[in-house]
Each structure stands twice: as C-alpha cells, then as structure tokens.
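Breakdown of the fold
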Amino acid sequence: MTFENLSPVLSDALVARGYEALTPVQTHVTESEAKGRDLLVSAQTGSGKTVAFGLAMADELVEDGRLPFATSPLALIIAPTRELAMQVSRELGWLYGKAGARIATCVGGMDASKERRALGQGVQIVVGTPGRLRDHLERGALDLTVLRVAVLDEADEMLDMGFRDDLEEILDATPETRRTLLFSATLPKPIVQLAKRYQRDALRISTVGEDRGHGDIAYQAVTVAPADIEGAVINLLRLHEAETAMLFCATRDNVRRLHASLVERGFAAVALSGEHSQNERNHALQALRDRRARVCVATDVAARGIDLPTLSLVIHVEIPRDAEALQHRSGRTGRAGKKGTAVIIVPYPRRRRVDGMLRGARIEAEWMDAPTAADVRARDQERLMEKLLTPQEHEPEDIELAQRLMAERSAEDIAASLVRSHRALMPPPEDLIDNGPRGRDRPERGERSERLERGSSDRREGFEDSVWFRLNIGRHQNADPRWILPLLCRRGHVSKNEIGAIRIGPKDTMFNIPRAIADRFAEAVVRTANQDGEDDSGVSITPAPDGPTYPPRRDKSGRSGERVPRATLGRGPGGDRAGPRGPRTPGGPGGNDRYKPKPYGQRSPRRPK
Ligand code: AMP
C-alpha cells in the first residue's frame, strides 16, 4: 500500500505505522493547491494535525528521498507546552526517521546546555516551546537564517499563554522566503492578525466539523449538588472504567487534593500541574502510557496537547473557564477516530452558565444525573458476568484447583467468593446525597415542601436569638437541605446542629444561626469564598438582616414547619447593634482582602452504606 501525493519515504513511514488513510486535514494540506503555500489551518486537536504539518513541510525538506545535511535548521516547529513539543518531536521522529532526520527538541525545564550541543551538531528540524527557543536564539545557539519552513502549532494557545512577543521575535529572525504554516484549533482575531503579519497569500483550510476531532466525542452534562462533586467523579470513574481517564481541575491545589483523595480510595492515579518538575511530569505520563496509572488529574495548562491513545474519558471536575477551554480539555479524548466521552460536572447553581457555554460552542450535550452507587454496582455485575462467561481455555493447574474447591464447597459458594474478591479489587462507589430530578422533570412547586425543607420544630432550643443568612440558590437550582446542610457546615465551619431553619424560596434560601456564633460563621464564610464571594460551584452566602420574605411552608394540618422568633428578625450577624464597626460580612465592603480561593472538594461526608 502507498499513499499517493506523498514522498515515498513518508508514505512508507505511514504504512509502517499502520495508518490506512489520511485524515481530512492531512488530505487537504497535501493536495496540489496547498503545495509550497503558506497555510492557515483550523483543525481540532486529535485530527492528526501533527502528521499533517509533518507531511506538508516535506517539499521544503526531502531531497532525493532524504533530508539534506544541514548546519542550521531548515524547519522549525513551535508548540505551546513541553509535552506537546515532545510529542511533536516523537511523531516527526518516526515520520522522518527513514529520511535521516536529525531533530532537536528545545523545551523549558530541560537541560539547556544539552540542547545547545544538539543544535551545534547540525539538525534539520527543531521543535520547541517559545520561551526556550527565544533563549537559544538570543544566545546565538539557534541560527534561523536558512530556515525554509516555520510551523506554529496550537497558535491560539500560544497567544493565550502570552507568547506573542517570543513568537514575533523568533519569526522576525527567519528569512522572508520561509513558508509559514499556522495551525490553530480556533481562529480568534489575534491569530488572524498574526497570520496577516507573517503569512503571504495563505491558503485557508478548515476541517472543523469535517474531521473527527469533534464528532467522536459524546458530551454529557451531569448535574450534582455542590457537596456531591467528588462522589460524582468517583462514580463516573467507576461506571465508565475507562482504560485511561483525564480529570480537569481549575487550580493546582485542587489537582493535588483530588489526586490524593483518589489514590487514598485505591484508584491508580497520577497528577499533572504546574507544581510538578519536568521529571515528575515525564514519569506521570509514562505511567499512563504503560498503564500503571489509569487516571490523570490535571490543570488545563499542564494537560495541553497531551496525546494518550487509550484516553476515552474526560471529566471536567470544575467547569472550564470558557468554551475554548472546554474544547481543548475535551479534545484529549476522541482522537484519531476513537470514541470518547467528555463529562462536565455541573453543580446546580452553575446549570445556566454551562448550558450557555455549550450552546455558544454548538455542542449538544446529554443532560443527566450523576450515576448512583446502585448504577455502578449494576454495571460492575454486567461486566463481571461478561468476563466470567467468556469462553476460556484453562490451564490444567487451574482446573485441578477448581476440582479441589468443588470438593470442599458448593458451586454457589465458590462463585460468590469469586464475586466478592473481584469487588474487593475496585474502589467502592459513593452514595450521593442527591440524585434528585432535574429541569423539566422536577416536581411541581410545593410537592417537595415539608419533605425537603428543614423545619425547626426539633431544634428550636438555642435559636431563640438567631441571625438570618441568605443563599443565592433556591428551588430553581434544586436547593435541598440534604446538600445545603453539608455545604453550610463546610463553608461556615459549624456543625449541623448549629443551623436552625432552612427556608427554600424559588430563587434563594434563608437559614438562621444562633447569634452567639453568627460572627464566627460569617467570618468563616468570607474565608472560604473566592473573589466573587462565592464558592467554586457558584454558591454565595450573605447576611439577610430582614430574614425570609416568604412564609414558611405549611404541612397539611396548617402548621408551619418552623417558627421564626420574630424578635430577632432584622439583625445582621452580630446584630444591628454591632453598628458600623461590626464584623466583616461575606461580600461586604472591605471583606475581599480576606477572601481566599476555596478548594472545590473537601470531601463530601461519607454516608453509611
Ligand atoms: P494529533 O491531532 O496530531 O494530536 O494526532 C492525534 C493522534 O492521531 C495521534 O496519536 C496520531 O498518531 C494519530 N494519527 C494521525 N494521523 C493518523 C492517521 N492518518 N491514521 C491513524 N491515526 C493517525
């Protein structure tokens, strides 16, 4: 088999690699109208774009089936991250291996003197990250004066990461006659400007939608109570049992916390974030490649460009900052024609935001509840049945042992033991607080009423003098005491018994706290909020000096589920008596200097099984 249009040495490399056809982006860049021209390519990650630019630059490089000897580089590929640069280097390594390519990889965090030596020995291709390449250029180790082709890979990412100056300095050091190939998942204005400045008569190629970058990812939006986020992650991991899964958090602290928690529960997990050295990152990736680890918890930046062929599940543990980040993260799966699933965990208060983000990106997601522990157990059973009922050839030694077991115990006993030992190997699923209905399926107002609201009949004592607070979530956001209570305990550093009535309105919720501890509660709430006065799932807690404006729900006998001590309404935390020098209140003026970002995931309390 050969690939038409391609230089035989590259065609052979693709065949040897087991490729049967070019991907759409590879086809486009090798067509005759693209030959020798600058290219502005928007292709999704996972579309085979690395091989695409590898093929596209062949005309500038291959002479008589080989790359010529070169004292200075002929091709330069600039990529946003170390991992991506190393990945590109690996791909070009096999693609141009038979053509005798010498490739230098220049990335931050690696030994710069080694790289300088490699550059000095004469290489035809250089792959690197912008900062490190610029360093080499300024020190005279990188000579770009005879460069024939420059490739900018994931150009949008590079601009986002603030590499514009570095890119311009590097490109300004190359000859005007060079060919410039610009690859970018998206084409925002700054990219178009960059292209205008550095490209001539570029051919626009867009394979978005046409290739498989997008189509092979099934999106799911899983709604959860904020306190259930970690439980939902665990159940999703256990339900899917993906060969490799990647979990995204917003900060390195949250990566560390979630990683520690997963390891403690028995998942084979590694972490990738800015706090890890290059060496640690390499080890983590290697563990994923050779399957010692199956779960990778990462920040967006640390995971950019990573290509793990077995990765079939991406979980957005924390909501991505925008639609582009959503696509970049999700694009770690569904690569090279394989199917993948991207799950966004959506705390109830964030539902509208995620819905808007998905609509903006024209992504159709299936909205669903988080899998319950029962769902996971049912799936486990199916998998075990399938595994054990698959016909197998047994070793004589195993048959002998089976006969000895049969002589001692019934078949049922033995099978049950087998099931138990199988189950013991897997981290147990979590019972979630709330797997309640969503959206349109929600019961009519009132249906949930007393069942869900927390009256104070059993806890009136101690609440005679209390202070009211407001949560910015109500029935419309599935507000429910079952998850509100743990959330309040976590945010305000109080115990359940220190929270009085919880009154859920359509859009907000009121609750009261004994006056004696209200200051302490208010301060803890400020400390555990982010800059916006919310926690990471979008819940804010503010003083409500006027107390609830809607009446308590009434049960069938007409009695209210709770009693509000009227005398205490109308005072904020510390009471109005606290006056202008009263304690800082959440969201109140001057409170921001005490805000600290709050980790998304202190553990949801384990519930008895
Ligand atoms: P990329 O978009 O460059 O990150 O590539 C995604 C994955 O697709 C990599 O693992 C490539 O090795 C693989 N790949 C690229 N081109 C092909 C092809 N024509 N057939 C099969 N796999 C491919």
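Calculation notes
- Residues numbered from 1 in each chain as written.
- Predicted model: local features only at pLDDT ≥ 70, side-chain atom pairs only at ≥ 80, totals over all residues.
- Heavy atoms only, no water.
- Helix = DSSP H or I, 4+ residues; strand = E, 2+ residues; numbered from the N terminus.
- Buried < 20%, exposed > 50% of the residue type's maximum accessible area, 1.4 Å probe, protein only.
- Contact = heavy atoms within 4.5 Å.
- Areas by Shrake-Rupley, 256 points an atom, 1.4 Å probe, with all protein chains shown as cover.
- Polar contact = N/O pair within 3.5 Å; in protein donor to acceptor, adjacent residues only side chain to side chain.
- Phe/Tyr/Trp six-rings, centres within 6.5 Å; stacked < 30°, edge-to-face > 60°.
- Pairing = 2+ DSSP bridges.
- Axes fitted to C-alpha atoms, helices over the stretch in contact; angles between N-to-C directions.
- Salt bridge = Lys/Arg side-chain N within 4 Å of Asp/Glu carboxyl O.
- 1 Å grid on protein atoms, 1.4 Å probe; cavity = no way out; pocket = protein on both sides within 12 Å on 5 of 7 lines; lining within 4 Å.
- Points joined across faces, edges and corners; volume = space filled by probe spheres on them.
- Nonpolar A, V, L, I, M, F, W, Y, C, P; charged D, E, K, R; others polar.
- Near = heavy atom within 4 Å.
- pLDDT = per-residue confidence, 0-100.
- Core = buried A, V, L, I, M, F, W, Y, C linked by side-chain atoms within 4.5 Å.
- Patch = residues over 30% accessible without salt bridge, like charges linked within 9 Å, V, L, I, M, F, W, Y side chains within 5 Å.
- Lys, Arg positive; Asp, Glu negative; His and termini not counted.
- Charge placed at Lys NZ, Arg CZ, Asp CG, Glu CD.

This part covers the overall build of the chain. The secondary structure content of the chain amounts to 23 helices and 18 strands. A burial count over the chain gives 53% of its 609 residues as buried. Considering only residue pairs separated by 6 or more positions, the chain has 79% of its internal contacts joining residues 24 or more positions apart. Total accessible area on the chain is roughly 28,100 Å²; 49% of this is exposed by carbon and sulfur atoms.

Okay, helix 16 (residues 323–330) next. Where burial is concerned, most of helix 16 is hidden: six out of the eight residues are buried. A325, L326, Q327, H328, R329 and S330 are the residues of helix 16 that are buried. Sitting at the head of helix 16, D322 places a side-chain oxygen 2.9 Å from the backbone nitrogen of A325.

Our focus in this paragraph is the packing of aromatic side chains. Scanning the entire structure with this criterion turns up six aromatic pairs. Considering the side-chain rings of F53 and F183, the 5.3 Å spacing of their centres and the 75 degrees angle between planes classify their relative orientation as edge-to-face. Here the residue F53 occupies a position in helix 3 (residues 49–56), and F183 occupies one in strand 6 (residues 179–184), the gap between them amounting to 130 residues. F183 matches F53 in its accessibility class, with the two residues each being buried. Judged by centre distance (5.7 Å) and plane angle (15 degrees), the rings of F469 and F511 are stacked.

On to the sheet that holds strand 15 (residues 466–471), then. If you trace the four strands from one edge of the open sheet to the other, you get 16-17-15-18, paired in antiparallel fashion. Of all the strands in the sheet, just strand 16 (502–504) and strand 18 (541–543) have a single pairing partner and so form its edges. Within the sheet, the average angular offset between the axes of one strand and its neighbour, ignoring direction, is 30 degrees. Here strand 15 runs beside strand 18; their pairing, made up of three bridges, is antiparallel. If you follow R470 over to strand 18, its bridge partner there is T542. Docked against the sheet, helix 22 (residues 481–492) engages strand 15, strand 16, strand 17 (509–514) and strand 18, running at close to 125 degrees with respect to strand 16.

Glancing now at the pattern of salt bridges. Two side chains with opposite charge may pair up if their charged atoms get near one another. According to the stated counting rule, one finds 34 salt bridges in the structure shown. Ionic pairing is found between E63 and R148, a salt bridge with its closest N-O pair at 3.1 Å. Of the two residues, E63 is situated in the loop between helix 4 (58–61) and strand 2 (75–78) and R148 in the loop between helix 7 (130–138) and strand 5 (149–152); the sequence distance between them amounts to 85 residues. A residue is classified by how much of its surface remains accessible, and E63, at 39% relative accessible area, is partly exposed. Here R148 falls in the partly exposed class, since its relative accessible area comes to 30%. Here R238 makes a salt bridge to E241, at a shortest N to O gap of 2.8 Å. Linked by salt bridges that have partners in common, D160, D300, R321, D322 and R329 make up one network.

Our next topic: the environment of M510. Positionally, M510 belongs in strand 17. Sequence separation of M510 and T542 is 32 residues, and the distance between their C-alpha atoms is 9.7 Å.

So, about the sheet that holds strand 9 (residues 244–248). Strand pairing in a sheet relies on backbone hydrogen bonds, with the paired strands running either antiparallel or parallel. Strand order in the open sheet made by the seven strands is 10-11-9-12-13-8-14, with parallel pairing throughout. Only two strands of the sheet have a single partner each, and these edge strands are strand 10 (269–272) and strand 14 (365–369). The average angle at which neighbouring strand axes cross in this sheet is 20 degrees, direction not considered. Sheet topology note: the strand 10/strand 11 (residues 295–298) ladder contains four bridges and is parallel. Directly across from A271, in strand 11, lies its bridge partner V297. Against the sheet, helix 13 (residues 252–264) touches strand 9, strand 10 and strand 11, its axis set at about 170 degrees to strand 10. The strands touched by helix 14 (residues 278–289) are strand 9, strand 10 and strand 11; relative to strand 10, the strand with the most contacts, the crossing angle is about 140 degrees.

A few words now on empty space enclosed by the protein. Following the criterion strictly, the structure yields eight cavities of 30 Å³ or more and no others. Lining the largest cavity, in full, are E157, F248, D300, A303, R304, R321, A325, H328, R329 and R332. Tallying contributions element by element places helix 16 first for the lining of the largest cavity, with three residues. Here the residues of the lining of the largest cavity are counted per class, giving three nonpolar, one polar and six charged.

What follows is about the site of the ligand. Taken together, 14 residues sit near the ligand, with Y19, Q26, T50, D307 and R335 positioned nearest. Between G48 and the ligand, the recorded distance is 2.8 Å, taken from a backbone N or O atom to an oxygen atom. E91 has a polar side-chain atom sitting 3.2 Å from an oxygen atom of the ligand. Look at the ligand: alone it shows 500 Å² of surface, and the protein chains cover 88% of it. Here the residues of the shell around the ligand are counted per class, giving four nonpolar, six polar and four charged.

Considering every residue of the chain, the mean pLDDT works out to 83; 84% of them sit at 70 or more. Looking over the chain, one finds the lowest element-wise mean pLDDT in helix 21 (residues 449–452), namely 39, and the highest in strand 2, namely 98. Taken together, the stretch residues 555–609 has pLDDT below 50 and engages in 134 contacts with residues farther than four places along the chain or on a different chain.

Let's shift gears to the nonpolar core. In this structure, M57, Y96 and I125 are the most contacted members of the largest nonpolar core, which totals 45 residues. No other element matches the seven residues that helix 5 (residues 82–95) contributes to this core. Those residues in contact with Y96 that lie beyond four places of it in its chain are L10, G54, M57, A58, L61, V62, L67, A101 and I125. Of all hydrophobic cores here, the second largest spans 30 residues; its members include A287, A342, I344 and L358.

There is a patch of like negative charges on the surface, built from E393, E395, E397, D398 and E400. Here E393 shows up in the loop between helix 18 (373–389) and helix 19 (396–408).

Attention now goes to helix 9 (residues 164–172). Listing the buried residues of helix 9 in full gives D166, L167, E168, I170 and L171. Structurally, helix 9 contributes buried residues whose contacts are with strand 2, helix 7, strand 5, helix 8 (155–160) and helix 10 (189–198).

To continue, consider the pairing of strand 8 (residues 217–224). A large share of strand 8 lies buried, amounting to seven of its eight residues. Here strand 8 pairs with strand 13 (residues 340–347) via eight bridges, running parallel. By the bridge assignment, V222 is partnered in strand 13 with I345. Pairing of strand 8 with strand 14 involves five bridges; the strand directions are parallel. In the sheet register, Y219 faces strand 14, and the bridge partner there is A365.

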